[in-house]
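Fold and contact review
Here is what each chain is made of, one letter per residue.
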Amino acid sequence: MSPSTLVVKADHLPYYTPANNAGAAVQPRDAATPTLFRPLTIRDVTFKNRVVVSPMCMYSAEPDPSSPLVGALTDYHVAHLGHFALKGAGLVFVEASAVQPNGRISPNDVGLWDTAPESEQVKALERVVRFCHAQGAKVAVQLAHAGRKASTTAPWLATKAGKPTLKSDEDAFGWPSDIVGPSGGKEHIWDGTGEGYWTPRALSTEEIDEVVKAFARSAEAAVRAGVDVIEIHAAHGYLLNQFLSPVTNKRTDKYGGSFENRTRLLREVAAAIRAAIPSGTPLFVRVSAVEWLDGKAVAAESGSWDLDSTVRLVADLPELGVDLVDVSSGGNHKDQNIHMSNKNYQIDLAGHIRKAIREAGASTLVGSVGYITDAEQAKEIVEGAEEARAAEATLSGSFPRADLVFLARQFLREPEWVINAAKTLGVPIEKPVQFGRAV
């Protein structure tokens, strides 16, 4: 038998590497295989397991707007994202990618606003996707606009200066005169002082229309680059989250005031993206389920975005073509009081939302993120997610709280988390062929 019959070259790469499918259960349909290691199909995309590398900003892209490489992924990102794919994650997220230049958190963030087929941003994304696909992982991109939280420095620069955050001015390739939000003025500065964040101005309705189009163009370009999943970032106090919340949205036009008006921009973005991408491409939305502003003066008059608001929003997602809600929380106001004494605080939010979805007879999937660190915890979150659907309207006690688990910092600590989790849970999985002597 010749060596060529034993190892299959990965497709779509200009160089040789064996095709891998690390992290896939050897017997995924075996009754003993936990849900965590069973495949999940959403539209035309099948994930080999339920483990997702959550989006993580790396602040490692070219910041100079005069460079053709501005905002593009680099060799760093191939190494960073590629090794999660190599080590078994079912879905690997590219970090929050700005749909407009002024939508970056920092000048060193990545973006996908230059959507021409030969742009460096598109070509670099294609390179990351090709490598991750060669390892058997699917790839998602989180499309974002930072809104009033834009034009800050990389966080380690602030830490070095002993500050929570530092602003990036023009000398550091920032854009202090083009910080935008639903509402403007000094009262809408994120930190309340202007020390770490710039003063936003309110977007015009014409500019809002351009934001919607920018999200759609970026999504279409991402799919052309081979991306399998698109996610809309509507959490953590960034632009879409700012529009959702009555705390940060003080507009009096069709984008402000009522729940319908405050959710209008997100609904328009979702509809525009769904129209721009193939019907078989899954669409996710990340939300902050709550703002953690209960009892705070800032929310006394207008109220805040709470769990009931999220449940109400999620009910509208199916008609917009959204397949999964990725449940996070907080980030929209400096006075937030996050209940971090409970490690499962966001997992519980996801579970509440998932149960409400099923009791309403809907099928929107749920992703859980936040302080998911060990295998048994992850297994319990998704266990029986498919099997229990028919019974969940009357289910009491323990029930699946999500369909996918999203891990971020734990992957930075432990890139081989999937392999280690399989060992802990006693699940035989496929390994990278290059690692055969070590795992």
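Residues numbered from 1 in each chain as written. Predicted model: local features only at pLDDT ≥ 70, side-chain atom pairs only at ≥ 80, totals over all residues. Heavy atoms only, no water.

Overview of the overall build of the protein
Going by this rule: Helix and strand assignments come from DSSP, with helices taken as H or I runs of at least 4 residues and strands as E runs of at least 2, each series counted from the N terminus. With C-alpha atoms as the basis for the radius of gyration, the globule rule is written as 2.2 Å multiplied by the number of residues raised to the power 0.38. Here the term buried applies to any residue with accessible area under 20% of the maximum for its type, exposed to any over 50%, and partly exposed to those in between, with areas from a 1.4 Å probe on protein chains only.
In terms of regular secondary structure, the protein is built from 13 helices and 12 strands. The C-alpha radius of gyration of the protein comes to 21 Å, within 12% of the 22 Å expected for a compact globule of 439 residues. Overall size of the protein, expressed as C-alpha extent along the three principal axes, is 70 × 55 × 45 Å. Of all 439 residues assigned to the protein, the portion counted as buried reaches 58%.

Quick look at the sheet that holds strand β12 (residues 404–407)
In a beta sheet, neighbouring strands pair by backbone hydrogen bonds and run either parallel or antiparallel. Condition: Here the rule is simple: two strands pair whenever DSSP picks up at least two bridges between them. An axis is simply a line fitted to the C-alpha atoms; with a helix, the fit covers only the stretch in contact. Between two such axes, the angle follows the N-to-C directions and lies from 0 to 180 degrees. We call two residues in contact when some of their heavy atoms are within 4.5 Å.
Read around the closed barrel, the 8 strands follow the order β3-β4-β5-β8-β9-β10-β11-β12; overall the barrel is parallel. Averaged over all pairs of adjacent strands, the angle between strand axes in this sheet comes to 25°, irrespective of strand direction. Looking at chain direction, strand β3 (residues 51–53) and β12 are connected through 3 bridges and run parallel. Among the inter-strand pairings, Val-51 is bridged to a residue of β12, identified as Val-405. Here helix α1 (residues 75–86) sits on the sheet and contacts β3 and β4 (91–98); the angle it forms with β4, its principal contact strand, is near 150°.

Structural notes on the confidence of the model for the protein
Put simply, the test is: As a per-residue measure, pLDDT reflects the predictor's confidence and takes values from 0 up to 100.
Per-residue confidence for the protein gives a mean pLDDT of 94, with 95% of residues at or over 70. Low pLDDT, under 50, characterises residues 392–397; the predicted model gives this stretch 7 contacts beyond four residues in sequence or across chains.

Observations regarding the packing of aromatic side chains
The following threshold applies: The pairing test for Phe, Tyr and Trp rings, Trp by its six-membered ring, is centres within 6.5 Å, and the orientation test on the planes gives stacked under 30 degrees, edge-to-face over 60, and tilted for anything in between.
A full pass over the atoms with the stated rule returns 9 aromatic pairs. Relative to Phe-406, the ring of Phe-93 has its centre 5.9 Å away and its plane inclined at 40°; by these criteria the two rings are tilted. One end of the pair, Phe-93, is in strand β4; the other, Phe-406, is in strand β12, and 313 residues separate them in sequence. Under the relative-accessibility criterion, Phe-406 is labelled buried at 1%.

Focus on the packing of α1 against helix α2 (residues 120–134)
The condition is simple: Oblique is the label for any angle not under 35 degrees, not over 145, and not in the 65 to 115 range, which are roughly parallel, roughly antiparallel and roughly perpendicular in turn. Here is the rule for handedness: rotate from the far helix to the near one, and if that takes an anticlockwise turn smaller than a right angle the crossing is left-handed, while a clockwise turn gives right-handed. All amino acids are sorted into three groups, where Ala, Val, Leu, Ile, Met, Phe, Trp, Tyr, Cys and Pro are nonpolar, Asp, Glu, Lys and Arg are charged, and the leftover types, Gly among them, are polar.
Where α1 contacts α2, the axes come no closer than 9 Å and their chain directions differ by 25°. Between α1 and α2, the angle is such that the two are roughly parallel. As for the relative orientation of α1 and α2, their crossing is right-handed in sense. Residues Asp-75, His-77, Val-78, Leu-81, Gly-82 and Ala-85 of α1 lie in contact with α2, whose contacting residues are Arg-127, Val-128, Phe-131 and Cys-132. Residue composition of the contact of α1 with α2, grouped by class: 6 nonpolar, 2 polar and 2 charged.

Quick word on unusual backbone geometry
At Ser-151, a residue that is not glycine, the phi angle is positive and equals roughly 60°. In this structure, His-236 takes a positive phi of about 60° despite not being glycine. Within the fold, His-236 resides in the loop between β8 (229–234) and α5 (239–244).

Description of helix α9 (residues 307–316)
Put simply, the test is: Read the arc as the range of directions from the helix axis to the C-beta atoms.
Residues of α9 that are buried: Leu-307, Ser-309, Thr-310, Leu-313 and Val-314. The buried residues of α9 occupy an angular sector of 150° when the element is viewed end-on, so they sit on one face. α9 presents Asp-308, Arg-312 and Ala-315 as exposed residues on the side facing more than 90 degrees away from its buried surface. Contacts made by the buried residues of α9 are with α5, α6 (259–262), α7 (264–276), β9 (283–288), β10 (324–328) and α10 (345–359).

A short note on the pairing of strand β11 (residues 365–369)
Counting buried positions over the 5 residues of β11 gives 5, a clear majority of the element. Residues Leu-365, Gly-367 and Val-369 of β11 are buried on one face, and the alternating residues Val-366 and Ser-368, pointing to the opposite face, are buried as well. One ladder, built from 4 bridges, connects β10 with β11; its direction is parallel. Note that in β11 the partner of Val-325 across the bridge is Val-366.

Comments concerning the environment of Ala-271
Following the sequence through the fold, Ala-271 ends up in helix α7. According to the relative accessible area criterion, Ala-271 is partly exposed, its value standing at 39%. Residues Ala-271 and Ala-146, 125 residues apart in the sequence, show an inter-C-alpha distance of 20 Å.

A look at the environment of Arg-251
Rules: Counted as a polar contact is a pair of N or O atoms within 3.5 Å, where, for protein atoms, one must be capable of donating a hydrogen and the other of accepting one, and residues adjacent in sequence contribute only when both atoms are in side chains.
Tracing the backbone shows Arg-251 in the loop between α5 and α6. When the C-alpha atoms of Arg-251 and Arg-201 are compared, they prove to be 12 Å apart, with 50 residues separating the residues in sequence. Each residue touching Arg-251, except ones within four places of it in the same chain, is listed here: Gly-181, Pro-182, Ser-183, Ala-202, Leu-203, Ser-204, Thr-205, Ile-208, Phe-243, Gly-256 and Gly-257. Reaching out from Arg-251, the side chain makes a polar contact with the backbone oxygen of Leu-203 at a distance of 2.8 Å.

So, the pattern of salt bridges
This is how the line gets drawn: The working definition used for a salt bridge is a side-chain nitrogen of Lys or Arg within 4 Å of a carboxyl oxygen of Asp or Glu.
Counting across every chain of the model gives 17 salt bridges. Among the salt bridges present, the one from Arg-401 reaches Glu-380, with a minimum N-O distance of 2.3 Å. With a gap of 21 residues between them, Arg-401 in the loop between α11 (375–382) and β12 and Glu-380 in helix α11 connect regions that are remote in the sequence. Among the charged side chains, a salt-bridge network with shared partners connects Arg-43, Arg-274 and Asp-323.

As for the side chain of Gln-377
Here Gln-377 lies in helix α11. Given the relative accessible area of 12%, Gln-377 is considered buried. Separated by 3.1 Å, the side chain of Gln-377 and the backbone oxygen of Tyr-371 make a polar contact. With residues near it in sequence (within four places) discarded, Gln-377 still touches Lys-343, Asn-344, Ile-347, Tyr-371 and Ile-372.

A word on the nonpolar core
Rule in force here: The term nonpolar core refers to a set of buried residues drawn from Ala, Val, Leu, Ile, Met, Phe, Trp, Tyr and Cys, joined through side-chain atoms within 4.5 Å.
Of all hydrophobic cores here, the largest spans 96 residues; its most connected members are Phe-37, Ile-230, Ile-232 and Ile-273. Examining the composition of this core, we find that 8 residues originate from one element, helix α4 (residues 205–224), more than from any other.

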